[in-house]
Structure formats: structure tokens, C-alpha cells
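Commentary on secondary and tertiary structure
Here is how the chains run, residue by residue.
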Amino acid sequence: MDRLIYGDDNTFDPDDARLLLDSLPRKPSPWIQLGVAGKMSGGSRRGFAAGVGDVRIKDSKDRLFQYSTGADAYTRSGQWKLMWIGKRTRQFVEIEQVMSDATDDGRGALICYEADGTPIRMDIRFNRSFRLFWSPVVVMFPGWKPWKTPL
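A brief report on the enclosed structure follows. (Residues numbered from 1 in each chain as written. Predicted model: local features only at pLDDT ≥ 70, side-chain atom pairs only at ≥ 80, totals over all residues. Heavy atoms only, no water.)

Here we come to the environment of Lys 39. Counting through the fold element by element, Lys 39 comes out in strand β2 (residues 35–40). By relative accessible area, Lys 39 is classed as exposed at 59%. In the structure, Lys 39 is positioned 26 residues away from Phe 65 in sequence and 6.2 Å away in space, judged by C-alpha atoms. With sequence-adjacent residues up to four places away left out, Lys 39 is seen in contact with Asp 62, Arg 63, Leu 64 and Phe 65. (Helix = DSSP H or I, 4+ residues; strand = E, 2+ residues; numbered from the N terminus. Buried < 20%, exposed > 50% of the residue type's maximum accessible area, 1.4 Å probe, protein only. Contact = heavy atoms within 4.5 Å.)

Membership of the largest hydrophobic core comes to 16 residues, with the highest contact counts inside it found for Leu 4, Leu 20, Val 93, Ile 95, Ile 111, Tyr 113 and Met 122. Mapped by element, the contributors of at least two residues to this core are α1 (2–6), α2 (14–23), β7 (80–86), β8 (90–97) and β9 (108–114). Beyond its immediate sequence surroundings of up to four residues, Val 93 is in contact with Leu 20, Leu 21, Leu 24, Met 83, Ala 109, Leu 110, Ile 111 and Tyr 113. Membership of the second largest hydrophobic core comes to 7 residues, among which are Tyr 74, Ile 85, Phe 92 and Cys 112. (Core = buried A, V, L, I, M, F, W, Y, C linked by side-chain atoms within 4.5 Å.)

We now examine the pairing of β7. Here β7 lies mainly inside the structure; 5 of its 7 residues are buried. Relative to β7, strand β6 (residues 75–77) runs antiparallel, the two being bridged by 3 bridges. Bridging from a neighbouring strand, Arg 76 pairs with Lys 81 of β7. A loop of 2 residues connects β6 with β7, the two strands running antiparallel in sequence, and Gly 78 in this loop sits at a positive phi of about 60 degrees. The pairing of β7 with β8 spans 7 bridges and is antiparallel. Its bridge partner lying in β8, Ile 85 is registered against Phe 92. Linking two consecutive strands that pair antiparallel, namely β7 and β8, is a turn of 3 residues. (Pairing = 2+ DSSP bridges.)

Strand order in this open sheet of 7 strands is β1-β11-β10-β9-β8-β7-β6, and the pairing throughout is mixed. Every other strand in the sheet has two partners, leaving β1 (11–12) and β6 as the edge strands with one partner each. Sheet topology note: the β9/strand β10 (residues 119–131) ladder contains 5 bridges and is antiparallel. What sits directly across from Ile 111, in β10, is Met 122. Each of β1, β7, β8, β9, β10 and β11 (138–150) touches α2; the most contacted strand, β9, lies at about 90 degrees to it. (Axes fitted to C-alpha atoms, helices over the stretch in contact; angles between N-to-C directions.)

None of the figures reported here should be taken as evidence of function without further support.
The structure is reproduced here in C-alpha cells:
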């Protein structure tokens, strides 16, 4: 994974891509992937303290949440989540970095293969986002743009 992602900026070794494809289990991938990620303020506690009266303690640490309909289709390998996606004429391997923020651009890659396993290209993830009217809710849609080609 590290050679594919962190190697050359414009190309990748097709043998590394084939090895990745051959070593991944063929779990069923979801027809459509939906996910939710976000953070909320930490909340607070209220109580009564003897000699002080009513008190409120605010938790400054944000609460993070994340949910994905495709969670069972991924295979975990170190800092990476990998998913095989099989179509009639193509195969794909989606690579996602686990430790980064879900809203970061570039935290995922998609390797596209011919049906026989020959790598064609690698795309990188970018996010398109918009705010829901005047609310604090931001909706993000991931997309893919060309990144690397095989040597």
C-alpha cells in the first residue's frame, strides 16, 4: 500500500497493484454507499455542590461520530481500509486512510483494473460540499479525479 500511495507522484508499479488485487478477499460490496460523519460539542453536566450551589461543568472535547453502510465490505490492513468492487467489465480497489479526518481531501484512492486484473489508473478522492441553507450542517459528496498511471 505504501509503495502505491506514497511512491512516485505520477505513476505506480502495476505489479504492486496486481498483488493488492490478488490478495484482497472478494466480499460483496454495497450497491450504493452512504455514510455520515461529524462532530458535536462535548456537552455538559449539571449538579449541586455543597456550599457552592448549582454548578455546570462543560466538556471541551468534541464528540465524533461516523457511520457507513459499506463498513462490512472493507478489509483492514494497518492504517488502510480496502474494498474490492467487482463489475462486469472492470474491477476496482478502493483504498481509504483510516486515521485522517473524513472531510480531508486526498484521504482515499481508487485503483481501476480491466476485468482480467490489468491496472489501468489510480484516482484520488476529493470532496464537494455545500451548506444546508443557513444551518451548521455541511453535506459532502466524494468524487474521484485522475491521479496516477501504471509504469
